[in-house]
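Reading the structure
So the chains spell out like this:
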Amino acid sequence: MALSITVGYRIYGPLQVWQALFAFDGSEAATVISTLRLPRAVIAPLVGAGLGIAGVQVQTLSRNRIASPDTLGLNAGASLAVVVASTVFGVGSLMGLSLTAAFGALVTSLVVFAIAAGAGGLSPIRIVLIGVTIAGLGQSIVQIILTTNEAQLQNLLFWLAGSFVDRPMSLAINGGPFIMIGVAMALALARPLDAMQADDETASGLGVPVTLVRIGCFVSVSLLTGASVAMAGPVSFVGLVVPHAARRLVGLRHGRQIIAAGLFGAIYATLADVAARFVIFPVEAPVGAITAVVGGIVLVILLRRRAA
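Throughout what follows, the structure given in this document is the object of discussion. (Residues numbered from 1 in each chain as written. Predicted model: local features only at pLDDT ≥ 70, side-chain atom pairs only at ≥ 80, totals over all residues. Heavy atoms only, no water.)

A look at the packing of aromatic side chains
Here is the rule: Put simply, two rings from Phe, Tyr or Trp (the six-membered ring, in Trp's case) pair if the centres are within 6.5 Å, and we call them stacked under 30 degrees between planes, edge-to-face over 60, tilted for the rest. For helices the rule is a DSSP run of H or I covering at least 4 residues; for strands it is a run of E covering at least 2, with both sets numbered from the N terminus onward.
As enumerated under the stated definition, the model contains five aromatic pairs in all. Summarising the aromatic geometry, the rings of Trp 18 and Phe 22 are spaced 4.5 Å apart at their centres and angled 45° between planes, so their arrangement reads as tilted. In this pair, Trp 18 and Phe 22 are both assigned in helix 2 (residues 14–22), four residues apart and thus about one turn of the helix distant. An aromatic cluster is present here, built from Tyr 9, Phe 278 and Phe 281 joined pairwise through their rings.

As for the side chain of Gln 57
We count it as follows: Any two residues whose heavy atoms approach within 4.5 Å at even a single point are treated as in contact.
With respect to the secondary-structure elements, Gln 57 resides in helix 3 (residues 28–62). If we ignore the near neighbours within four places in the chain, the residues touching Gln 57 are Ala 186, Leu 193, Cys 217, Ser 220, Val 221 and Leu 224.

Things to note about the packing of helix 8 (residues 169–188) against helix 11 (residues 210–232)
Worth spelling out the cut-off: All axes here are fitted lines through C-alpha atoms, helices being fitted over the stretch that makes contact, and every angle between N-to-C directions spans 0 to 180 degrees. Here the word oblique covers every angle except those under 35 degrees (roughly parallel), over 145 (roughly antiparallel) and from 65 to 115 (roughly perpendicular). Each crossing gets its handedness from the near helix: less than a right angle anticlockwise from the far helix is left-handed, clockwise is right-handed. Here the nonpolar group is Ala, Val, Leu, Ile, Met, Phe, Trp, Tyr, Cys and Pro; Asp, Glu, Lys and Arg are the charged ones; every other residue, Gly included, is treated as polar.
Two elements in contact, helix 8 and helix 11, have axes whose closest approach is 8 Å; the angle formed by their N-to-C orientations is 160°. As summarised for this structure, helix 8 and helix 11 are arranged roughly antiparallel, according to the angle between their axes. The crossing of helix 8 and helix 11 is left-handed. Each of Leu 171, Ala 172, Gly 175, Phe 178, Ile 179, Ile 181, Gly 182, Val 183, Met 185 and Ala 186 in helix 8 lies in contact with helix 11, whose residues at this interface are Gly 216, Val 219, Ser 220, Leu 223, Leu 224, Ala 227, Ser 228, Ala 230 and Met 231. For the contact of helix 8 with helix 11, the class distribution of residues is 14 nonpolar, five polar and no charged.

Thoughts on the environment of Gly 77
Just so we agree on the cut-off: Each residue is assigned to one of three classes by its accessible area relative to the maximum for its type, calculated with a 1.4 Å probe on protein chains only: buried under 20%, partly exposed between the two thresholds, exposed over 50%.
Position of Gly 77 among the secondary structure elements: in helix 4 (residues 74–87). Gly 77 sits in the buried class, given a relative accessible area of 12%. The spacing of Gly 77 and Thr 147 is 70 residues in sequence and 18 Å in space, taken between C-alpha atoms. Excluding residues that lie within four positions of it along the chain, Gly 77 makes contacts with Gly 104, Ala 105 and Thr 108.

What follows is the structure, given as structure tokens:
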């Protein structure tokens, strides 16, 4: 976070940061730090932690290590809900968009798992294939809506690429509680998730209420993904990369996995945001482009391992 506040198009020293935060004098440096750098330094770790923890739950529920909020279409569903609410219903409040994004993620998760269950069972490959299809459908509808609404296209185009630029602190204030609730639910469900890594029958035999746990995870993932999308847009593949790093660090127990995924996700998203400032310097790239490149490479490696 300190790096995010000090490094960018201009580099600010510790004294300038201190003055901007605790002795604001109206200077250009103080204004940039307090209104531009600080909000993104807070939003980036919130989004990274939220998507990382959502990814842990999604991979366990689907029993598929290449599943994530992206590959299950949750980001696309949340984005579609935000775009529809903004362009069709005129929703403009930050709280309204946050709730809409969470609702879109929840509906998408229910649709994906319902279709998979109706198509012959919750096969890991089937879930991912249905999720990718739903994601493509959602993204196509978003493009159609924005193409017919040029004013909204300009407002939402950079947001849809996933970015922490020009985000007000009010987004973190409104979205943070949703992230905290989602994290608390994930931690409460950690022990049942340990049992569900095998199969539903084994988990039921151990006394786990599988249906209730799955519903709880759906709600948690929806809150985490929806709040993240509302704050930063669909930041790609964080939910894919982070759970793998968390498992390598702490093993398979979900209590540890969730905490590690939150910490690693926060660091990963913040460092990606810093890197996005220099990739095409002096122009800034969307952070979603950075995470998509890294995530795409990781996905190819994982697919090659599965094929081997």
